[in-house]
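# Observations on chain architecture
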Amino acid sequence: VQLQASGGGLVQAGGSLRLSCAASGSTFNNYMMAWFRQAPGKEREFVAAIRWSGGLIYYANSVKGRFSISKDDAKNMVNLQMNSLKYEDTAVYYCAAKDLTRTKVVGPRGPYDYWGQGTLVTVSS
């Protein structure tokens, strides 16, 4: 499985960005797809997740109401629409995939099996 994240950049506070994660190398019907982020000097944290089959969606409280995760079945992509960005959203954002048939942890949080390379989001205040 390969995950390729894109869409990061520099944006002013209050602005928007859309991140995309292109997934390949498997069929993803039994996967949970997620976005995590890691700010400088901080631990990596969960942002949002979507269950590929059924579309169950989960958000961290810090992004609920501002971020929206979605999937594109035809393109095997997972997107993260980020609105009303804040300075504290600055981080490297990673997409991740978890095979739900190989784990007992079927919720949106870790551990995840595959990780993309990360894309930097910088929000200027």
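The text that follows walks through the structure, step by step, so that each part is easy to find. Just so you know, these numbers come straight off a predicted model, no measurement behind them. (Residues numbered from 1 in each chain as written. Predicted model: local features only at pLDDT ≥ 70, side-chain atom pairs only at ≥ 80, totals over all residues. Heavy atoms only, no water.)

Further remarks concern the sheet that holds strand 8 (residues 77–82). Two modes of strand pairing occur in sheets, parallel and antiparallel, and in both the strands are linked by backbone hydrogen bonds. Taken in spatial order, the 4 strands line up as 1-3-8-7 in an open sheet, and their pairing is antiparallel. The outermost strands of the open sheet, each flanked by one partner alone, are strand 1 (2–6) and strand 7 (67–72). Pairs of neighbouring strands in the sheet enclose a mean axial angle of 15 degrees, with direction left out of account. (Pairing = 2+ DSSP bridges. Helix = DSSP H or I, 4+ residues; strand = E, 2+ residues; numbered from the N terminus. Axes fitted to C-alpha atoms, helices over the stretch in contact; angles between N-to-C directions.)

With that out of the way, let us pick up the environment of Thr 90. Position of Thr 90 relative to the elements: it lies in the loop between strand 8 and strand 9 (91–99). Each C-alpha atom of the pair Thr 90 and Val 106 lies 28 Å from the other, and the pair is 16 residues apart in sequence. Apart from residues no more than four positions distant in its own chain, Thr 90 is found in contact with Ala 39, Pro 40, Val 121, Thr 122 and Val 123. Among the polar contacts made by the side chain of Thr 90, one reaches the main-chain carbonyl oxygen of Tyr 87 at a distance of 2.9 Å. Within the structure, the side chain of Thr 90 is placed 2.9 Å from the backbone nitrogen of Val 123, a separation counted as a polar contact. (Contact = heavy atoms within 4.5 Å. Polar contact = N/O pair within 3.5 Å; in protein donor to acceptor, adjacent residues only side chain to side chain.)

A word on the pairing of strand 7. Across 6 bridges, the pairing between strand 7 and strand 8 is antiparallel. In the strand pairing of strand 8, Ser 70 is matched with Asn 79. As consecutive antiparallel partners, strand 7 and strand 8 are separated by 4 residues, and within that stretch Asn 76 has a phi angle of approximately 55 degrees, a positive value.

Next up on the list: the packing of aromatic side chains. Inspection of the entire model under this criterion finds 7 aromatic pairs. Plain terms: the ring middles of Phe 36 and Tyr 112 are 5.3 Å apart, the flat faces sit at 75 degrees to each other, and that makes the pair edge-to-face. With Phe 36 in strand 4 (residues 31–38) and Tyr 112 in the loop between strand 9 and strand 10 (114–115), this residue pair connects regions lying 76 residues apart in the sequence. Accessibility classification places Phe 36 together with Tyr 112 in one group, the buried group. Among the aromatic residues, those joined into a cluster by ring pairs are Phe 28, Tyr 31, Trp 52 and Tyr 114. Just above the ring of Trp 115 sits the side chain of Arg 44; from NZ or CZ to the centre is 3.8 Å. Just above the ring of Tyr 112 sits the side chain of Lys 98; from NZ or CZ to the centre is 4.8 Å. (Phe/Tyr/Trp six-rings, centres within 6.5 Å; stacked < 30°, edge-to-face > 60°. Buried < 20%, exposed > 50% of the residue type's maximum accessible area, 1.4 Å probe, protein only. Lys NZ or Arg CZ within 6 Å of the ring centre and 35° of its normal.)

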